[in-house]
Amino acid sequence: MKIKSYAAPAAGQALELYEYDAAPLGEEEVEVTVDYCGLCHSDLSMIDNEWGISSYPLIAGHEVSGRVSALGENAKNKGLKIGQAVGIGWSAKSCQHCDACIRGNHSNCEAGATPTILNRGGFAEKIRADWQWVIPLPEQLDPTLAGPLLCGGITVFKPLLMSQVNAMSRVGVIGIGGLGHLAVKLLKALGAEVVAFSSNPSKKESILELGADEVVNSRDAQALKEQAGRFDLIISTVAVDLDWKPYFDALAPEGKFHTVGAVMKPIQVAAFDLIAGDKSIGGSSTGSPGELRSLLKLAARKKITPKIETFPMSKINDALDHLREGKANFRVVLKADF
């Protein structure tokens, strides 16, 4: 069977129509007809080979919502059925038998979870993944909006699970863009006090409308200094290097600084900025199938949805340029039109 897609022929090049011969469906695999696929900065990083792991032609896309079109032999009787609305996020495969997978920590599979992009991603008419990573969409969740939750959403949800955030928590979010705006919405749904750090004062009202209790201008040194000792958790969603010391100072005793933004430079922190106050620094990638299911159930129940712009997939290069130029209004979603 031939599958149509849009692929990057080489690093940094515009995507082109690309048709490939699909192998027979694997026993553990599910084939999904793509209806929508979100865009993410990770797609740009993979297209440009910023991380050094890309191979070409590269079919990016990992925020997929669509419908089950075929089931491998071992994927039958696993709760999925033909025509069912499902989603696929960053990961497509994991070994399912290492200690991490058995503990439910599939994203840290000891054999290495296979990214969807390296398994031929969602900029295509069809996509495949092992059945554990094909996530049922709740009926109340609009499939147009589901894709960004499967990457951007889980990326900021996982730190909340790891830190056991609740209504007693005070949490700061650095960067209110594609990831940060979802972090604010999720924190609000959990009842936490949310403070947004934004470098764009003109966005203050729109950030408050998302659910933030307070907005701090991150370019104002005095405003940052006034945050000292306030936060149980600070999540950084930005992919640029900053002066991090004011944020470590802003942590309360036993506070955690958690990065999900792929900053390419080392994060500089003095030992005593952690030792004083028993503070810590950490990070995380994506979530397990169980965490993805929990996120979608919460999103459906609390009506947590990303703010999106839509493009037809046939205009994918325009959409990628829109994202590269920083013009995206939070998240961009492509509608398949093969």
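In what follows, the structure referred to is the one given above.
Since the structure is predicted, the reported quantities are computational estimates derived from the model, not experimental observations. (Residues numbered from 1 in each chain as written. Predicted model: local features only at pLDDT ≥ 70, side-chain atom pairs only at ≥ 80, totals over all residues. Heavy atoms only, no water.)

> If you had to explain the nonpolar core to someone new, which residues and values would you point to?
Counting residues in each nonpolar core, the largest one holds 42 residues, and the members touching the most others are L15, V30, L39, F123, V134 and L334. Only β1 (2-7), β3 (29-39), α1 (41-47), β4 (64-71), β5 (85-88), β8 (126-130), α10 (316-324) and β17 (331-335) provide two or more residues apiece to this core. With five residues, β3 is the largest single contributor of residues to this core. Not counting the four nearest positions on each side in its chain, L334 is found in contact with D35, Y36, C37, L39, F123, F311, P312, M313, I316 and A319. Counting 39 residues, the second-largest nonpolar core is a separate cluster that includes L150, L160, L295 and F330. (Core = buried A, V, L, I, M, F, W, Y, C linked by side-chain atoms within 4.5 Å. Buried < 20%, exposed > 50% of the residue type's maximum accessible area, 1.4 Å probe, protein only. Helix = DSSP H or I, 4+ residues; strand = E, 2+ residues; numbered from the N terminus. Contact = heavy atoms within 4.5 Å.)

> Can you tell me about the sheet that holds strand β15 (residues 280-283), naming the residues and giving the values?
Within a sheet, each strand pairs with its neighbour through backbone hydrogen bonds, oriented either parallel or antiparallel. Across the sheet, six strands lie side by side as β12-β11-β10-β13-β14-β15; this open sheet has parallel pairing. If you trace the sheet from one side to the other, it starts and ends with β12 (214-217) and β15, each paired once. Within this sheet the neighbouring strands show an average axis-to-axis angle of 20°, counted without direction. Across four bridges, strand β10 (residues 170-174) lies against strand β13 (residues 231-236) in parallel orientation. Across the sheet, residue I174 finds its bridge partner in β13, namely S236. Strands in contact with helix α3 (residues 143-162) are β13, β14 (251-259) and β15; relative to β13, the strand with the most contacts, it is inclined by about 155°. This element, helix α4 (residues 180-190), spans β10 and β11 (193-198) of the sheet and lies at about 165° to β10. (Pairing = 2+ DSSP bridges. Axes fitted to C-alpha atoms, helices over the stretch in contact; angles between N-to-C directions.)

> Break down a nonpolar patch on the surface for me, citing the residues and quoting the values.
Together, W51, I53, L118 and M264 line one region of the surface with nonpolar side chains, adding up to about 370 Å² of accessible area. Within the secondary structure layout, I53 lies in the loop between α1 and β4. The exposure class of I53 is partly exposed, given its relative accessible area of 41%. (Patch = residues over 30% accessible without salt bridge, like charges linked within 9 Å, V, L, I, M, F, W, Y side chains within 5 Å. Areas by Shrake-Rupley, 256 points an atom, 1.4 Å probe, with all protein chains shown as cover. Salt bridge = Lys/Arg side-chain N within 4 Å of Asp/Glu carboxyl O.)

> Go over the packing of aromatic side chains, please, and point to the residues and values.
Under the definition given, this model contains eight aromatic pairs. Geometrically, the ring pair formed by W244 and F257 is edge-to-face, given 5.6 Å between the ring centres and 75° between the ring planes. Taken together, the residues W244 in the loop between β13 and α7 (245-249) and F257 in strand β14 connect sequence positions 13 residues apart. Taking relative accessible area as the criterion, F257 reaches 1% and is therefore assigned buried. An angle of 40° between the planes, with centres 4.9 Å apart, marks the rings of F248 and F257 as tilted. Put simply, the rings of F197, F231, W244, Y247, F248 and F257 pair up and form one aromatic cluster. Seen from the ring of Y20, R120 lies directly overhead, with NZ or CZ sitting 4.0 Å from the centre. (Phe/Tyr/Trp six-rings, centres within 6.5 Å; stacked < 30°, edge-to-face > 60°. Lys NZ or Arg CZ within 6 Å of the ring centre and 35° of its normal.)

> Any chance you could break down the layout of surface pockets for me, citing the residues and the numbers?
Of the pockets and cavities examined, the largest pocket occupies roughly 1,500 Å³. Mapped by element, the contributors of at least two residues to the lining of the largest pocket are α1, α3, β11, α7, α10 and β17. Top element by residues in the lining of the largest pocket is α1. It accounts for four residues. In the lining of the largest pocket, the residues fall into 24 nonpolar, 19 polar and seven charged. The computed volume of the second largest pocket comes to approximately 160 Å³. For the second largest pocket, the full set of lining residues is I3, Y20, A22, A23, P24, E29, N119, R120, K126, I127 and R128. Sort the elements by how many residues they give to the lining of the second largest pocket and β8 lands first, with three residues. When the residues that make up the lining of the second largest pocket are grouped by side-chain class, the tally is six nonpolar, one polar and four charged. (1 Å grid on protein atoms, 1.4 Å probe; cavity = no way out; pocket = protein on both sides within 12 Å on 5 of 7 lines; lining within 4 Å. Points joined across faces, edges and corners; volume = space filled by probe spheres on them. Nonpolar A, V, L, I, M, F, W, Y, C, P; charged D, E, K, R; others polar.)

> Explain the packing of α3 against helix α9 (residues 289-302) to me, using residue names and the numbers behind them.
Packing of α3 against α9 brings their axes to within 10 Å, and their N-to-C directions diverge by 100°. Relative to α9, the element α3 lies roughly perpendicular. Residues L149, L150, G153, I154, F157, K158 and L161 of α3 touch α9, and the partners they reach there are E291, L292, L295, L296, L298 and A299. Classifying every residue of the contact of α3 with α9 by side-chain character gives 10 nonpolar, one polar and two charged. (Parallel < 35°, antiparallel > 145°, perpendicular 65-115°, else oblique.)

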